[in-house]
Amino acid sequence: MAFPAFAAPNSADAASLKSEGPTQPAKVEDGRYTDKDGNPTYHVTEGGKKVDWPTMSGYLRYNSNCIVCHGPDGAGSTYAPSLVDALKTDDFSTFSGIVAGGKKDVSSSQNLVMPAFADNKNVMCYLTDIYTYLRGRSDGVIGRGRPAEHEPKSESFKKAENECMG
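What this report covers is the structure whose coordinates are included nearby. (Residues numbered from 1 in each chain as written. Predicted model: local features only at pLDDT ≥ 70, side-chain atom pairs only at ≥ 80, totals over all residues. Heavy atoms only, no water.)

Here's the deal with the overall build of the protein
A tally of regular secondary structure across the protein gives eight helices and eight strands. For the protein, buried positions account for 39% of its 166 residues. The long-range share in the protein, meaning contacts at least 24 apart out of those at least 6 apart in sequence, stands at 57%. Split by element, the accessible area of the protein, about 8700 Å² in all, is 51% carbon and sulfur. (Helix = DSSP H or I, 4+ residues; strand = E, 2+ residues; numbered from the N terminus. Buried < 20%, exposed > 50% of the residue type's maximum accessible area, 1.4 Å probe, protein only. Contact = heavy atoms within 4.5 Å. Areas by Shrake-Rupley, 256 points an atom, 1.4 Å probe, with all protein chains shown as cover.)

Right, here's the structure in full:
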């Protein structure tokens, strides 16, 4: 199964990269934003009302696959931890490793098990999108609930999506 990868982003003018929140995109390619370290990130504008397409896709995919355990808006539940809190310390590499490989946190007081999703295309084809949505939630730039507006889905996103899901 081939998953969409981040290509080396191209540069854009600083004004088009300006985002709400503490994490600022450094580059954009085909509607996907990356930070100065090359990690996927959000692009939120219009006072927090508009998000980039991958972040909107992440919201949709989170609510299709992750909400059952991690609760609404990544806030956590009695069954699974808050991903909003986890992303305050976990980077993209850590996040993707846990999602793909799963995680066990067993102690005398709890038995938490995150299943591995490496073979689930509905998660892995959209892993960077889910991450950007949760990163925006963690940074406090994306509020609870569905984002009000979003940038359009790029043709390259559609193509990568079709190739990954196909």
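Alright, that's what it looks like, and here's the rest.
Quick word on the sheet that holds strand S4 (residues 44–45)
Within a beta sheet, neighbouring strands are joined by backbone hydrogen bonds and run either parallel or antiparallel to one another. Pairing within the open sheet is mixed, and its three strands lie in the order S4-S5-S8. At either margin of the open sheet sits one strand with a lone partner, and together these are S4 and strand S8 (149–150). Note: strand S5 (residues 50–51) against S8, two bridges, orientation parallel. Considered in S8, the bridge of Lys-50 is made with Glu-149. (Pairing = 2+ DSSP bridges.)

Focus on helix H2 (residues 53–65)
Relative to the 18 Å expected for 13 residues at 1.5 Å per residue, H2 spans 18 Å between its end C-alpha atoms, a close match to the ideal helical length. Among all positions of H2, only Trp-53, Pro-54, Thr-55, Met-56, Ser-57, Gly-58, Tyr-59 and Tyr-62 are buried. (Expected span 1.5 Å × (residues − 1).)

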